[in-house]
Structures are given as C-alpha cells and as structure tokens.
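Each chain, written out:
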Amino acid sequence: MRILFKNIKELLQIRDKSTRFISGEDMKVLPTLKNAFLLVQNDIISDFGAMEDCPEEADVDQVIDAEGKMLMPAWCDSHTHLVYAGNREGEFVDKINGLSYQEIAEKGGGILNSAKKVQDISEAELYEQTKIRLEEIIALGTGAVEIKSGYGLTLESELKMLSVIKRLKANYNLPIKATFLGAHAVPETYKNNKSGYVDYIINEMIPLVAEAKLADYVDVFCETGYFSVEDTESILEAGKRHGLTPKIHVNQFTSIGGVQAGLKHHALSLDHLEEMTDSDIEVLKDTLTMPVALPGCSFFLSIPYTPGRKMIDAGLPLALATDYNPGSSPSGNMNFVVSAACVKMKLTPEEAINAATLNGAYAMGLEHNVGSITKGKQANLILTKPINSYHFIPYSFGNHQIETVYLNGKEVL
Ligand code: NIG
Ligand code: FE
C-alpha cells in the first residue's frame, strides 16, 4: 500500500536518523520543508521532499491533497497513568474548597482511592474503561504512549493493570510502553510497615512482572511522604536486575536527592521536576537522561510549573507529557500540554513541538520508531486543518488544529 501526501503547506520536524533527542539551543529550531510531498509505503515513511520531486500519482494507491495544511509527527506522550477505574471528581471539589493534594491523600483520597477502585473491578471492565481513554488521546493526535501501573498496589491488582496494557498493545496500532509503578503509594495493609511493602515490591512483584514480560520500565514516586531516596534506589536496583530500565516521579513537591539517585541508576527519564534546585539542573547536564515536564499536572493542582525555560537555557533537553491520571491531571490532551508549555513555561512553539515529539519518543525508548519525519519511521502523523503557521498550534489553546490522525499511514476514524 502506497499513500502519497501532496501539496503539503509545511512538513514539520524533519530529522535524520542519527538525531536521538534535542537539547538546549538546538531546541529553538524546528526543521521544516515548505510545499512538500510525503510517501508512505507499508506503514513506514518511505520518502519525502519538495513538490517538484513528487512521485507520479499513477504509481500510488491513495493520494491525499494537503493544500494549505501541515503534516507533522503525531505527539509522543511519554508519561501517562491511563489505566484506571472510575474518576475522582469529588476530590477535585475538595481541592477547590481548599484542601491540598497531600491533605486529600491523608483523608483516604488520592492514589489509595484509585487503588481501591482498581482492586474492585474486573480486568475486562478495566480494559473497557481504559480503551475509551486511549481512543480519545489517539483522536487528539497521540501516536505513541507510555502507560504506568501503580493503582493496583497488590500483586494481583498490579498484574491486572499491566495485563490491560498488554491487551492494548495487541489491539491498537501505536507503540505503547508499559511501566511498573508498584511504588506509587504505600497501601493501607502496609500503613505502618513501609519497608515491608518495599521488600514485597522487590522480592515478589518485580520478579513476577519481569518474568511475565509485562513491563519495559520501573518507576517510583520518590517524594516526601511516599518513597525516600533510599527506597527508590533499592527498587530501581531490583528493577535493573530484572531488565527494567528506571524512570522516576521526582521533585514534584520537594527536592530530596531523587534527581541524583536517578542519574546514578541511569534513568531514561526523570519526570515532574516542578521543584528544581540549581544543583538539580547542573547534574542533569551532559547526561542521557531526559527531563520530562507535565504542565497539565501543574495546571490542575495549581502547583509551580517545571522551570523548562531555565533548564533549556542551561543546555538541557526537555520532553513534555500529559501525566493523564484521575488525581493530578485528568486529561490526555497533548495539544493543551504544548500550549501550556508555551504560555506558562515560556517555551517557544519550536521548543514545545520538539519536546512533545522527538524528545517524548526518546523518553520512552522509541526515538528510532516515531517522533520525527524521518525515512524508515512509522507513519504516525498529524495532518492539520488549513492554518497560517505552526505557531497557531500552541496559540489556539483549549482547541486543536488537527484535521486527521494517521497511524501506520492509515486514517484513524
Ligand atoms: O504523576 N505524583 C504521583 N502520581 C501521579 C498522581 C497520582 C494520583 O493522584 O492519582 C502523578 O501526578
Ligand atoms: Fe505521573
């Protein structure tokens, strides 16, 4: 099957194969080509270039006229918790009435509230609820996604969540990475015995999850009142022994040394980072670890935004993700995330688009598959509505400029 996009007003985010991620000054540049064509063959971007070199229409199976429209890689959302049961809109109202995220958690809300709901539901029902959210984010332009467990908090329930992710991988046409986040909160049964829960994660959960090949990554909520730096290190070490690469929730509310611990264990990404000291920024320089900002969470919880401007100015790379979850960011809309990064973190549209495509792909080990217009990559693409310039994408916040999403070159209906 050969599909030809012709008359593309501007083809965005053109990169060669060797560019794995983009940092610092380079993030200001979004390489593009005006008046372009792109050819998809067997799910893959097989060629692109100037319209004057456009292949003969007689040689292809389908022609899409993109006059006035832009074509770009689909969003890469490297941090979500989109497997969950029910919702937590009651806590949303508590928050409006003045309770903090921590206070809500202390009165039985928060992660433990979602864990109870996941424990009480069947895997089949959990799958049904989750697939609605996955289909919703695909329609909003997401073409690769990472999904975490962490609302199970018992072996059985964590496996239930990871099995749902496995089924999604089998049934949907986009790359999905699975992360084991048993260390998301200390469950009720271990209330006064956190070290017992950490041992349970290390000795019971991780070996079984890894043996069943249900996860690619291991994650920990490294935060005051949740898991300490020491807990985090032991869990990451156990994960690594079983072939799981670390990713960490870190510096959301406090800077306690988790960034340094993540670097020590070669974390692929460090996520949240709302509270960053100068030395947290300094140690991230010249590493292969991707910092990931989650502006939807900052917006929803009214907490500080990750200092993305300062981090990029210091020469760091940055990725953007939604953190889609029922407690701190009940939205998987990458279009909003890109707008919020521009408005609240002062990223330029070029920086925000780089952060939400190739850098997001890198943060889930998919930089060779998606995240840029590169020959040989999967044709997971966004075709915009007719727009004047790509600046219109973050500018039109609360809306989106997507006309059609393609996964493997096939239109998503
Ligand atoms: O990434 N911070 C920890 N975990 C989630 C929120 C989980 C919840 O409130 O349900 C996050 O923000
Ligand atoms: Fe998260």
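The rules behind these values
Each chain carries its own residue numbering, running from 1 in the direction its sequence is written. As a convention, the first chain written is A and the first ligand written is 1, with the rest following in written order. Thresholds applied to this predicted model are a pLDDT of at least 70 for local features of residues and 80 or more for the giving and counting of side-chain atom pairs; totals over whole chains, interfaces and linings are not thresholded and use all residues. Based on all heavy atoms of the structure, the side-chain values leave hydrogens and waters out of the count. By convention in these notes, a residue is near a molecule or strand provided one of its non-hydrogen atoms lies within 4 Å of it. For this analysis, a polar contact is any N or O atom pair within 3.5 Å, provided that within protein one partner can donate a hydrogen and the other can accept it, and provided that sequence-adjacent residues contribute only side-chain to side-chain pairs. Note on areas: Shrake-Rupley, 1.4 Å probe, and residue coverage restricted to the protein chains presented here. Each residue receives one of three labels: charged for Asp, Glu, Lys and Arg, nonpolar for Ala, Val, Leu, Ile, Met, Phe, Trp, Tyr, Cys and Pro, and polar for the others, Gly being one of them. Paired strands, as defined in this entry, are two strands with at least two bridges between them according to DSSP. Helix and strand definitions follow DSSP, with helices as H or I runs of at least four residues and strands as E runs of at least two, each counted in order from the N terminus. Here, residues are in contact when the closest pair of their heavy atoms is within 4.5 Å. Think of each axis as a best-fit line through the C-alpha atoms, taken over the contacting stretch in the case of a helix, with angles from 0 to 180 degrees between the N-to-C directions. To pair, rings of Phe, Tyr and Trp, with the six-membered ring standing in for Trp, must have centres within 6.5 Å; the planes then decide the type, stacked if under 30 degrees apart, edge-to-face if over 60, and tilted in the middle. Whether a residue is buried, partly exposed or exposed follows from its accessible area with a 1.4 Å probe, protein chains only, as a fraction of its type maximum: under 20%, in between, or over 50%, in that order. Definition used in this section: a nonpolar core is a set of buried Ala, Val, Leu, Ile, Met, Phe, Trp, Tyr and Cys residues joined via side-chain atoms within 4.5 Å. Domain limits in this description derive from either an automatic procedure or a database domain assignment. An angle below 35 degrees is read as roughly parallel, one above 145 as roughly antiparallel, one from 65 to 115 as roughly perpendicular, and any other as oblique. By buried area we mean the combined loss of accessible area, with a 1.4 Å probe, across both parts when two parts are placed together. The salt bridge criterion pairs a side-chain nitrogen of Lys or Arg with a carboxyl oxygen of Asp or Glu, the two atoms within 4 Å.

1. What to know about the site of ligand 1
As a matter of local geometry, ligand 1 sits amid 15 residues, with Tyr 101, Tyr 151, His 184, Gln 252 and Ser 328 nearest to it. Contact between ligand 1 and Arg 88: an oxygen atom at 2.8 Å from a side-chain N or O atom of the residue. Separating an oxygen atom of ligand 1 from a side-chain N or O atom of His 249 is a distance of 3.0 Å. Within the complex, the protein chains bury 100% of what would otherwise be the 330 Å² of accessible surface of ligand 1. Among the residues forming the shell around ligand 1, the class breakdown is four nonpolar, nine polar and two charged.

2. Digging into the sheet that holds strand E13 (residues 319-320)
Read across the open sheet, the eight strands follow the order E6-E7-E8-E9-E10-E11-E12-E13; overall the sheet is parallel. With one partner strand each, in any of the chains shown, strand E6 (75-77) and E13 form the two edges of the open sheet. Of the strand pairs in this sheet, strand E7 (residues 142-148) and strand E8 (residues 176-183) are connected by four bridges, and their pairing is parallel. Counted as the bridge partner of Lys 148 is Thr 179 from E8. Across the sheet, helix H5 (residues 155-171) lies against E7 and E8, angled at about 175 degrees from E8, the strand it touches most.

3. Some remarks on the packing of aromatic side chains
According to the stated counting rule, one finds twelve aromatic pairs in the structure shown. Judged by centre distance (6.3 Å) and plane angle (75 degrees), the ring pair of Tyr 84 and Tyr 324 falls under edge-to-face. Of this pair, Tyr 84 sits in the loop between E6 and helix H1 (89-96) while Tyr 324 is found in the loop between E13 and helix H12 (334-345), placing the two residues 240 residues apart along the sequence. We note that Tyr 84, like Tyr 324, is buried. The interplanar angle of 45 degrees and the centroid separation of 6.1 Å between the aromatic rings of Tyr 197 and Tyr 200 together place this pair among those described as tilted. Highlighted residues: Tyr 197 and Tyr 200, both in helix H6 (residues 194-211), separated by three residues, approximately one helical turn.

4. Observations concerning the nonpolar core
Membership of the largest hydrophobic core comes to 112 residues, with the highest contact counts inside it found for Trp 75, Leu 134, Phe 180, Ile 235 and Leu 320. The element contributing the most residues to this core is H6, with eight residues. Two domains share this core, each providing at least three of its residues, namely domain 1 (2-73 + 369-411) and domain 2 (75-362). If near-sequence neighbours (up to four positions away) are discounted, Leu 134 is found in contact with Leu 82, Val 145, Leu 168, Tyr 172, Leu 174 and Ile 176. Within the second largest apolar cluster, 18 residues are counted, among which are Ile 8, Ile 64, Ala 66 and Leu 381.

5. Regarding the packing of H6 against helix H7 (residues 229-241)
Look at H6 against H7: their axes get within 10 Å of each other, and the N-to-C directions meet at 10 degrees. As summarised for this structure, H6 and H7 are arranged roughly parallel, according to the angle between their axes. Where H6 approaches H7, its residues Lys 194, Val 198, Ile 201, Ile 202 and Ile 206 are matched on the opposing element by Asp 231, Ser 234, Ile 235, Ala 238, Gly 239 and Arg 241. Among the residues making up the contact of H6 with H7, the classes are represented as six nonpolar, two polar and three charged.

6. Some details on the domain arrangement of the chain
Where interface size is quoted, it is often the accessible area lost as the parts come together. Segmentation of the chain into domains returns domain 1 (2-73 + 369-411) and domain 2 (75-362). Of the residues lining the interface, 33 residues belong to domain 1; the matching set on domain 2 comes to 37 residues. Carbon and sulfur atoms make up 67% of the surface buried where domain 1 meets domain 2, a total of about 2,900 Å² over both sides. Linking domain 1 with domain 2 are one salt bridge, by the criterion used here. The salt bridge involving Lys 28 is made with Glu 351; its shortest N-O contact spans 3.8 Å.

7. Topic: the side chain of His 272
Among the secondary structure elements, His 272 is positioned in strand E11 (residues 269-272). Owing to a relative accessible area of 1%, His 272 belongs among the buried residues under this scheme. In this structure the side chain of His 272 is engaged in a polar contact, spanning 2.9 Å, whose partner is the side chain of Glu 274. In this structure, His 272 is in contact with His 79, His 249, Val 250, Gln 252, Val 292, Ala 293, Leu 294, Cys 297, Thr 306 and Asp 323, ignoring residues within four places of it in sequence.

8. Examining unusual backbone geometry
For His 266, which is not glycine, the phi torsion reads 50 degrees and is therefore positive. Within the secondary structure, His 266 sits in the loop between helix H8 (258-264) and E11. The phi dihedral of Ser 302 falls on the positive side, at around 50 degrees, and the residue is not glycine. Position of Ser 302 relative to the elements: it lies in the loop between helix H10 (295-301) and helix H11 (308-313). What makes Ser 302 exposed here is its relative accessible area of 66%.

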